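# Structural features, examined
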Amino acid sequence: MIELAARVSNSFRKTWSTTPDVVSIAPGRVNLIGEHTDYTGGFVLPAAIDRHIVVAAKRTNGSKVTGYSVDFDNIANCPVGEYDPEHPVEWFHYVAGVLSELERTGHFVPGFCFSVGGDIPIGAGLSSSAALEMAVLTALEGLLGIRMDDREAALLCQRAENDFVGMNCGIMDQLISRMGQRDHALLIDCTSLSVEPVDANLPGYSWLVIDSGKRRGLVDSEYNQRRSECEQALAVARTLFPNREIRNLRDVSSDALPALRQVCDDKVYRRLRHVITENERVLKTVDALRRRDAETVGRLLYQSHESLRDDFEVSCKELDSTVETLSQTPGVSGARLTGAGFGGAVVALARTNTIPVIAKAIKETGAQVFSIKIDDGVRLLEVHR
Ligand code: GLA
């Protein structure tokens, strides 16, 4: 972590021939369970991980925003106040989106220069984009000497991604990047945005992230289509139960499924069944974690994967075969795709003493295991001049 921050700070000094005023470091995340439930007001259980995006920044006297990406080795800039969603440098869209939202909420954006770098693999389902947004926002808060409310900050970054980047994501990734807690997953209620830390460490077990190697472009994927199918499902549920208060799909429980099956078309019904059963699995997982019951947690992970594969249809052959390999490897309690799907990573719970055997089995499939630590949310680091 510190090494990445030092690398980006050193690059800043070289590129801009000065020292940064602030350095922010924002984590990626792994979602333990609760997939495609955030944008329907449901429950999710993500954890921040020790993979980050770092932004080092300094105010300038001019009225330009200029940034250097250590990883892409390119520079992007724009005049303050002129944020172009079609900017030729793609990573800069996330920066411009955050600045544009900051201005829309009445904050002053000064001219500044920055360097950015990270160690979260892009397109692996570990939320490098939310981490970038959160690192930029937190650096700006540092430059302006303000500290926003955590939920407002997460919502601002979500709007940047929805309205500026064009990806209609939910709130999970931005909220966990902001509010993550070391050694804990956060049970997030995506209706009220309340969060509850849940100790995610099970003695003798480890959480593993396996990068399937298949990359996905989220904006181009079917993600936005799944959202609209969920909206159709909500409309059907409201029509079927006019006397119930249904704010979102989270207010529909599995006892309503038989009646819904009669009136929904098959695809919409399966989307609905995934969301409803997944919300229930999140709460069961929290309960099992609190009881230190690794086998039950593992079973729920497999069930979640099946539901995402068959009902929500966001898996792909690489993710399925990684989960299949894991299910045949001794010591693995459970595994599922994590993040939006269509490629990216699998999260697994396994006995710690079997990790070398698991890593070997996974390597043979071309995928890659990384061991992760559950880390804190975004922070500003001390800058030593
Ligand atoms: C992406 C989105 C999240 C969430 C997940 C699926 O990571 O950014 O808001 O919807 O997909 O659970």
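Our subject is the structure that appears above.
The following refers to the structure shown. (Residues numbered from 1 in each chain as written. Predicted model: local features only at pLDDT ≥ 70, side-chain atom pairs only at ≥ 80, totals over all residues. Heavy atoms only, no water.)

On to the site of the ligand, then. Near the ligand you find Arg29, Glu35, His36, Asp38, Tyr39, Cys169, Gly170, Met172, Asp173, Tyr223, Gly339 and Ala340, and these make up its full shell. Between the ligand and Arg29 there is a distance of 3.0 Å, counted from an oxygen atom to a side-chain nitrogen or oxygen. Contacts to the ligand include Glu35, whose side-chain N or O atom sits 2.6 Å from an oxygen atom. The fraction of the free accessible surface of the ligand (310 Å²) that becomes covered by protein chains is 98%. Both domains that meet at the shell around the ligand, namely domain 1 (2–198 + 374–383) and domain 2 (205–371), each give it at least three residues. (Near = heavy atom within 4 Å. Polar contact = N/O pair within 3.5 Å; in protein donor to acceptor, adjacent residues only side chain to side chain. Areas by Shrake-Rupley, 256 points an atom, 1.4 Å probe, with all protein chains shown as cover. Domains from an automatic or database assignment.)

Here we take up the sheet that holds strand E2 (residues 43–44). Pairing within the open sheet is antiparallel, and its three strands lie in the order E2-E7-E8. Two strands lie at the open edges of the sheet, namely E2 and strand E8 (194–199), each paired on one side alone. With two bridges connecting them, E2 and strand E7 (residues 184–189) associate as antiparallel partners. Among the inter-strand pairings, Val44 is bridged to a residue of E7, identified as Ile188. Where helix H8 (residues 266–290) meets the sheet, its contacts fall on E2, E7 and E8, and the angle it forms with E8 comes to roughly 40°. (Pairing = 2+ DSSP bridges. Helix = DSSP H or I, 4+ residues; strand = E, 2+ residues; numbered from the N terminus. Contact = heavy atoms within 4.5 Å. Axes fitted to C-alpha atoms, helices over the stretch in contact; angles between N-to-C directions.)

Moving on to the pairing of strand E5 (residues 74–79). Relative to E5, strand E4 (residues 64–69) runs antiparallel, the two sharing six bridges. Across the sheet, Gly67 pairs through a bridge with Ala76, a residue of E5. Following E4, the chain reverses through four residues before pairing antiparallel with E5; Asp73 in that reversal takes a positive phi of roughly 55°.

Let us look at the environment of Pro85. One can find Pro85 in the loop between E5 and helix H2 (91–104). Pro85 sits in the partly exposed class, given a relative accessible area of 38%. Pro85 sits 11 residues away from Ala96 along the chain, and the two C-alpha atoms are 7.7 Å apart. With residues near it in sequence (within four places) discarded, Pro85 still touches His93 and Phe164. (Buried < 20%, exposed > 50% of the residue type's maximum accessible area, 1.4 Å probe, protein only.)

Let us now look at the packing of aromatic side chains. Taken as a whole and assessed by the stated rule, the structure comprises five aromatic pairs. Ring centres 6.2 Å apart and planes at 90° place the aromatic pair Trp91 and Phe114 in the edge-to-face group. Taken together, the residues Trp91 in helix H2 and Phe114 in strand E6 (residues 112–118) connect sequence positions 23 residues apart. For the pair Trp91 and Phe114, a shared accessibility class is recorded, and that class is buried. Ring centres of Phe112 and Phe114 lie 5.6 Å apart, and the angle between their planes is 35°; on these two criteria the pair is classed as tilted. (Phe/Tyr/Trp six-rings, centres within 6.5 Å; stacked < 30°, edge-to-face > 60°.)

Let's shift gears to the nonpolar core. Counting 83 residues, the largest nonpolar core has Leu45, Phe92, Phe112, Phe114, Leu137 and Trp207 as its most contacted members. Each of two domains, domain 1 (2–198 + 374–383) and domain 2 (205–371), supplies a minimum of three residues to this core. Other than its neighbours up to four places away in sequence, Phe92 contacts Val65, Ala76, Asn77, Cys78, His87 and Phe114. By size, the runner-up hydrophobic cluster in this structure holds 42 residues, among which are Val314, Cys316, Val323 and Val332. (Core = buried A, V, L, I, M, F, W, Y, C linked by side-chain atoms within 4.5 Å.)

Where burial is concerned, most of E6 is hidden: seven out of the seven residues are buried. Residues of E6 alternate between two faces, with Phe112, Phe114, Val116 and Gly118 on one and Cys113, Ser115 and Gly117 on the opposite face, all of them buried. The pairing of strand E3 (residues 46–59) with E6 spans seven bridges and is antiparallel. Of the residues in E6, the one forming a bridge with Ala57 is Phe114. Looking at chain direction, E4 and E6 are connected through five bridges and run parallel. Counted as the bridge partner of Tyr68 is Ser115 from E6.

Looking now at H2. Compared with an ideal rise of 1.5 Å per residue, which puts 14 residues at 20 Å, H2 spans 21 Å between its outermost C-alpha atoms and is within 8% of the ideal. Counting buried positions along H2 yields 12 of 14 residues, so the element is predominantly enclosed. Along H2, the residues that are buried comprise Trp91, Phe92, His93, Tyr94, Val95, Ala96, Gly97, Val98, Leu99, Ser100, Glu101 and Leu102. Each element contacted by the buried residues of H2 is listed here: E4, E5, E6, helix H3 (128–144) and helix H4 (150–165). Downstream of H2 by a residue or two, Gly106 has a phi angle that is positive, lying close to 90°. (Expected span 1.5 Å × (residues − 1).)

In the structure shown here, the tally under the stated rule is 31 salt bridges. Beyond isolated ion pairs, a larger network of salt bridges with shared partners links Glu222, Arg226, Glu229, Asp266, Lys267, Arg270, Arg271 and Glu313. (Salt bridge = Lys/Arg side-chain N within 4 Å of Asp/Glu carboxyl O.)

Read across the sheet, four strands follow the order E10-E11-E9-E12 without closing on themselves; strand pairing throughout is antiparallel. Each having just a single partner strand, strand E10 (332–338) and strand E12 (368–371) make up the two edges of the open sheet. The sheet shows a mean angle of 25° between the axes of neighbouring strands, taken without regard to direction. Here E10 runs beside strand E11 (residues 345–351); their pairing, made up of six bridges, is antiparallel. By the bridge assignment for E11, Leu337 is matched with Val346.

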